[in-house]
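Each chain is listed here by its residues.
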Amino acid sequence: MEPIEDLDVLAEDEVRQRQADKDLDEDQLDQIKHGYDEATGDKQVYIETYGCQMNVNDSGIVASVLEESGYGLTRDQEDADVVLLNTCAIRENAERKIRTRLGMLRSEKEKRDGELMLGVLGCMAERLREKLLEQEDLVDVVVGPDAYRDLPRLLYEADATGQAAVNVELSKQETYEDIQPVRYDSNGVSAYVSIMRGCDNMCTFCVVPFTRGREESRPVTTILSEVAQLAEEGYKEVTLLGQNVNSYHYTDEDGTSVSFAELVDRVSRVSPEMRVRYSTSHPKDCTDDLLKVHRDRPNVCNYIHLPVQHGNTEVLDRMRRTYTREEYLALTERAKELCPGVSLSTDLIAGFCGETEEQHQDTLSLMEQVRYDHAYMFKYSERPQTYAARKYEDDVPEDVKQRRLEEIIERQNQHAKESNEEEIGRVHTVLVEGPSKKSDEQLFGRTDTNKGVVFDREDYEKGDYVKVRIEDCTSSTLLGTAIEKTTLAEAARTDSITTEPAVA
Ligand code: SAH
Ligand code: SF4
Ligand code: F3S
């Protein structure tokens, strides 16, 4: 953590500003300057997380920062003195959901005579900043994704002054590299590890570069030590996180440069029993070296989330994705060639500005060629500030967007179902995450290729690797029968025996 002295200096600057603005009395000033690190006592914080995995990880960082300053964490909003919403701004719907939630919290606050403090964190805080205070007039702190170290001070300040406190400064340096996030919602088996922040890509539809700022990679050593710590705690799977994870590059003090492929390789050597995944990768940075790490390292999963967004080159160009349809298809072919059986998933946007019916058909035909195991599918939603909002017309009518999205979803469901049917009779090494949603008598886990599997519990436990024969499926889940417990090292040996055809 940043030393308290540094924060005190920061606080003093802020206090001077506040004094000029609001005429605080001396006592209040003294409390703000010195009080926030000791006066939090037994206050309870409840954190609610929206948006992507990055936000889940960030909520863990927030929890860690607050715990360090003496706050308690609660899972029950009723017990909370402070409610924090870690927000998402990716589509209009995401923001609408949070506004509704804020409306609900307004009445909660009134019920408690204002004794509840409310904070808006994350991407919506960054996007709306002071506007959030004006519009909602119930928020006590507004904190952007790079300012979480400042949260204890902001909460204290808001409490002492009765005025909202804001810090939405984006930093090129902040990677929270020294903070171990609290994994309070984790299943104890798989964990996220943030390896970079921000995004420099400026896809024309996307608000993320505005809410998260410039790309910054986290030092290699801190990533490796976090993964080692997780292995020691019994975790069996890490997902390396970033908005454009495979553009990771870090140069050590001694000038050694580490690429994403090298990082994944090094992470995979921390423990042979730790599966390694990552999210989200950009096709432009998916190199042969990276594909070879998938091929050569048995604990690097045979699964890549490779968002294409669209199947037509002209639309891709307008989206500023920097690859053509043909280049993307060649990449997926290369992935399949180097990593036989690789599972691919994607993100798709329907109804982007100017999208014609023919161009929409190109998305469907690309799906047909790649045959994704999974896809996240969205209707285009115009975001203020983005290039598309400023320069293009959001001209595909709502009902057409909806129909195109439905066609994409239908096609994907069909592909997922067929892909799952092909699994019947195969044996997979499944990492058990816990009981299945429907019954305590059954367990849920994932294959190397990231497919969900449900099977009877017997004597198997969370965190076990189990060989499971697939007997049946739905379009989203495989159903199987356990054969025996295994280890990842053992599974890699036997899997290679069964998948490599004997040369006649
Ligand atoms: N960094 C990741 C994705 C981040 S956002 C990547 O580049 O792949 C997750 C997904 O939300 C995007 O892949 C995109 O499909 C979708 N998305 C982003 N902005 C959107 C918008 N304005 N309207 C609809 N979907 C959007
Ligand atoms: Fe957004 Fe593009 Fe960056 Fe992904 S790569 S976060 S879609 S700007
Ligand atoms: Fe949403 Fe921000 Fe993630 S906009 S998708 S929470 S980076």
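Structural data are supplied above this passage.
The structure displayed is predicted, hence computed values, not measured ones.

A. Inspection of the pairing of strand β21 (residues 478-486) at higher detail. Examined bridge by bridge, strand β19 (residues 452-456) and β21 share 3 bridges and lie parallel to one another. Counted as the bridge partner of valine 453 is leucine 478 from β21. Relative to β21, strand β20 (residues 465-473) is paired through 8 bridges, and the arrangement is antiparallel. Its bridge partner being in β21, isoleucine 470 is matched across the sheet by glycine 480. Hairpin connection of β20 to β21: 4 residues between the antiparallel strands.

B. The pattern of salt bridges, seen in detail. One pass over the full model with this rule turns up 42 salt bridges. Between glutamate 92 and arginine 96 there is a salt bridge, and its shortest N-O distance comes to 3.4 Å. Of the two residues, glutamate 92 and arginine 96 both sit in helix α4 (residues 92-111), 4 residues apart, roughly one turn of that helix. Judged by relative accessible area, glutamate 92 falls into the partly exposed class, the value being 43%. The class for arginine 96 is partly exposed, based on a relative accessible area of 45%. Note that glutamate 216 is salt-bridged to lysine 172, the shortest N-O span being 3.2 Å. Residue glutamate 216 is located in strand β9 (residues 216-217), and its partner lysine 172 is located in the loop between β6 (165-167) and β7 (190-194); the two are separated by 44 residues in the primary sequence. Note on glutamate 216: relative accessible area 22%, which makes it partly exposed. Bridged by salt links that share partners, the residues Glu355, Glu357, Arg403, Arg404 and Glu407 form one connected network.

C. The packing of helix α14 (residues 357-370) against helix α16 (residues 398-422), seen in detail. Packing of α14 against α16 brings their axes to within 10 Å, and their N-to-C directions diverge by 10 degrees. With respect to α16, the element α14 is oriented roughly parallel. Considering only the axes of α14 and α16, their crossing is right-handed. Contacts between α14 and α16 involve Glu357, His360, Gln361, Thr363, Leu364, Met367 and Glu368 from the first element and Arg403, Arg404, Glu407, Ile408, Arg411, Gln412 and His415 from the second.

D. Focus on the sheet that holds β20. In spatial order, the strands read β17-β18-β19-β21-β20; together these 5 strands close into a barrel with mixed pairing. On average, adjacent strands in this sheet sit at an angle of 55 degrees to one another, irrespective of strand direction.

E. View of the site of ligand 3. Every residue lining ligand 3 is accounted for by Cys52, Asn55, Thr87, Cys88, Ala89, Ile90, Cys123, Arg212 and Gln243. For the shell around ligand 3, the class distribution of residues is 5 nonpolar, 3 polar and 1 charged.

F. Highlighting α16. With 25 residues, α16 ought to run about 36 Å at 1.5 Å a step, and its terminal C-alpha atoms sit 36 Å apart, in line with that. Inspection of α16 places Val400, Lys401, Arg404, Leu405, Ile408, Gln412, His415, Ala416, Ser419 and Asn420 among the buried residues, and these make up the whole buried set.

G. Looking closely at the environment of asparagine 302. Note on placement: asparagine 302 falls in the loop between α11 (288-296) and β14 (303-305). Residue class for asparagine 302 comes out buried when judged on its relative accessible area of 13%. Distance from asparagine 302 to leucine 291, taken between C-alpha atoms, is 9.4 Å for residues 11 residues apart in sequence. Sequence-distant contacts of asparagine 302, defined by excluding residues within four places in its chain, comprise Cys339, Pro340, Gly341, Val342, Ser343, Asp448 and Thr449.

H. Just the side chain of glutamine 412, in detail. Within the secondary structure, glutamine 412 sits in helix α16. The class for glutamine 412 is buried, based on a relative accessible area of 2%. Ignoring sequence-local partners within four residues, the contact set of glutamine 412 consists of Met367, Tyr372, Asp373, His374, Ala375 and Met377.

I. Up close: the packing of aromatic side chains. Under the defined criterion, the tally for this structure stands at 8 aromatic pairs. Here tyrosine 387 and tyrosine 392 contribute two aromatic rings whose centre-to-centre distance is 5.6 Å and whose plane-to-plane angle is 80 degrees, an arrangement assigned as edge-to-face. Here phenylalanine 455 and tyrosine 460 contribute two aromatic rings whose centre-to-centre distance is 6.4 Å and whose plane-to-plane angle is 70 degrees, an arrangement assigned as edge-to-face. Of the residues examined, phenylalanine 455 reaches a relative accessible area of 0% and is grouped as buried. Chaining the aromatic ring pairs together yields one cluster made of Phe205, Phe352, Tyr380, Tyr387 and Tyr392. Taking NZ or CZ as reference, arginine 91 lies 3.7 Å from the ring centre of phenylalanine 378, over its face. Across from the ring centre of tyrosine 387, 4.7 Å away, lies the NZ or CZ of arginine 320, which sits over that ring.

Thresholds applied
Residues numbered from 1 in each chain as written. Chains lettered and ligands numbered in written order. Predicted model: local features only at pLDDT ≥ 70, side-chain atom pairs only at ≥ 80, totals over all residues. Heavy atoms only, no water. Pairing = 2+ DSSP bridges. Helix = DSSP H or I, 4+ residues; strand = E, 2+ residues; numbered from the N terminus. Salt bridge = Lys/Arg side-chain N within 4 Å of Asp/Glu carboxyl O. Buried < 20%, exposed > 50% of the residue type's maximum accessible area, 1.4 Å probe, protein only. Axes fitted to C-alpha atoms, helices over the stretch in contact; angles between N-to-C directions. Parallel < 35°, antiparallel > 145°, perpendicular 65-115°, else oblique. Left-handed = near helix turned anticlockwise from the far one by under 90°. Contact = heavy atoms within 4.5 Å. Near = heavy atom within 4 Å. Nonpolar A, V, L, I, M, F, W, Y, C, P; charged D, E, K, R; others polar. Expected span 1.5 Å × (residues − 1). Phe/Tyr/Trp six-rings, centres within 6.5 Å; stacked < 30°, edge-to-face > 60°. Lys NZ or Arg CZ within 6 Å of the ring centre and 35° of its normal.

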